[in-house]
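Listed here are the chains, written in short residue letters.
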Amino acid sequence: MENPPIFTNDTIVFGILMLCLGLVFYTSSIKSGFWKSFYKIVPALLLCYVLPAIFNSLGIISPDWKELNTAGELVEKSSNVYYIASRYLLPASLVLMTLSIDLKGIFNLGPKALIMFLTGTFGIIIGGPIAILVISAFSPETVGGADFEAVWRGLSTLAGSWIGGGANQAAMLEIYQYNPDKYGAMVLVDIVVANLWMAILLIGIGKSNKIDRWLKADNSAIESLKQKVSNYADSITRNPTVKDYMIMLSIAFTTVGIAHWGAGGISSFLSNTFEIFNDKSSALSSFTSTFFWMITIATTLGIILSYTKTKQYEGAGASKIGSIFIYILVATIGMKMDLSMILENPGLIAIGLVWMTIHAALLIGVAKLIKAPYFFLAVGSQANVGGAASAPVVAAAFHPSLATVGVLLAVFGYVVGTYGAILCTILMQIASGS
């Protein structure tokens, strides 16, 4: 956003986001009349995402903007709400929702989750060059450009983002040296297309039973895992006390602190010890991402804690607190979406939409072929396109106990992200005739 929004104070912005969440949860609890019919069509989770996007689109709040400083210079400003949600609340939620994890049950889900994830990766790899070929038939100038302004170089950053995440995206920018002045347009495509696709996935969650029937999918393993976790929670359920809440929050945020400390230490160690990790043109450079290590450490510690007595805090509502943090993260993700931007660069947006359509079509086709449940389709896709910040959101929307599936696949996405993006870029360069 060029101009400052009406509210730039993060305390007020957070209040608006919590108002959105409160309205959604209150209206979705009404079991009669208009709201009952409304929520049969529109999932509550989707609305938690869309309402902040509407506030952003109307200029009421914004994740970033430009304003004049005291010297009369135009400077960039940004909100820290998403940063706090993704760096503090996300790892805390992963710990709280992992306390009751049944790791054996997750492995018993079988290979279909990994197959769908890899299908999503393959869809991104081939989707880029196909999208260039399709759009070039109607608008050759959209996919043109020369030297470091060649569009395929910019699209390489999308490939990195949609397979691995932000670290892989930054690596691709360094590898292919796309003109930084034009990079903002690629970020726009990333935000618009990825968020639209996430919205579609969230709509599908509300109709997952119908989709599974159409796919002829056997989701008995997923339902069995959900039931097993629910039965365990019911068997230890108690009325939580203030002591329970304090201990649960202590467990969560102490783990977050350890995760941040460990992430910084590992990232610094790799950067200072091995020169190859400092080479931004190397695929290994993405492993210096502190966010990657933070999520990995938090999830690992959560799994370890699930084998201790802390698992019993699920009976006091550990996963419910984790779910609250996830919903706050959803609202902050929605806040980053400006619906009016869809029309700003229609050519590049068209490339992104064709690209994502190929990704989706391939996922649907393979899911139909191997009879994979919609859960694997949605989480496999989001582990690619959304990464560790949003894959757990989609997985937890099915059941809090499944959030770890999203995290594990997203972490795998970091590993293959840069390599897959390089292959995709080579194909896009060929497709654009460069």
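Refer to the structure printed above.
Predicted model, so just to flag it, every value in this text is computed and none were measured.

Calculation criteria
Residues numbered from 1 in each chain as written. Predicted model: local features only at pLDDT ≥ 70, side-chain atom pairs only at ≥ 80, totals over all residues. Heavy atoms only, no water. Helix = DSSP H or I, 4+ residues; strand = E, 2+ residues; numbered from the N terminus. Rg over C-alpha atoms; globule rule 2.2 N^0.38 Å. Buried < 20%, exposed > 50% of the residue type's maximum accessible area, 1.4 Å probe, protein only. Contact = heavy atoms within 4.5 Å. Areas by Shrake-Rupley, 256 points an atom, 1.4 Å probe, with all protein chains shown as cover. Axes fitted to C-alpha atoms, helices over the stretch in contact; angles between N-to-C directions. Left-handed = near helix turned anticlockwise from the far one by under 90°. Nonpolar A, V, L, I, M, F, W, Y, C, P; charged D, E, K, R; others polar. 1 Å grid on protein atoms, 1.4 Å probe; cavity = no way out; pocket = protein on both sides within 12 Å on 5 of 7 lines; lining within 4 Å. Points joined across faces, edges and corners; volume = space filled by probe spheres on them.

A word on the overall build of the chain. Within the chain, the secondary structure is distributed over 18 helices and two strands. Computed over C-alpha atoms, the radius of gyration of the chain comes to 22 Å, within 12% of the 22 Å expected from 2.2 N^0.38 for 434 residues, which places it in the range of a compact globule. C-alpha atoms of the chain, sized along the principal axes, occupy 65 × 60 × 60 Å. Per-residue burial over the chain gives 53% buried out of 434 residues. Considering only contacts within the chain whose residues lie at least 6 apart along the sequence, 83% involve residues at least 24 apart. As displayed, the chain has an accessible area near 19,000 Å², and 65% of this comes from carbon and sulfur atoms.

Another point: the packing of helix α6 (residues 112–138) against helix α15 (residues 346–370). At a minimum axis distance of 7 Å, the contact between α6 and α15 shows a crossing angle of 145 degrees. Crossing angle aside, the handedness with which α6 passes α15 is right-handed. Residue composition of the contact of α6 with α15, by class: 19 nonpolar, six polar and one charged.

Moving on, we come to the layout of surface pockets. Estimates place the volume of the second largest pocket at around 490 Å³. Every residue lining the second largest pocket is counted, 24 residues in all, and those nearest its centre are A44, L45, I205, Y327 and A397. Of all the secondary structure elements, the ones that give two or more residues to the lining of the second largest pocket are α2 (33–41), α3 (44–57), α9 (183–205), α14 (318–335) and α17 (391–398). Among the elements that line the lining of the second largest pocket, the one with the most residues is α14, at six residues. Its residues placed into classes, the lining of the second largest pocket shows 19 nonpolar, two polar and three charged.

To continue, consider the side chain of H359. As for its placement among the helices and strands, H359 is situated in helix α15. Residue class for H359 comes out buried when judged on its relative accessible area of 0%. Each residue touching H359, except ones within four places of it in the same chain, is listed here: G120, G123, I124, W197, S381 and V385.

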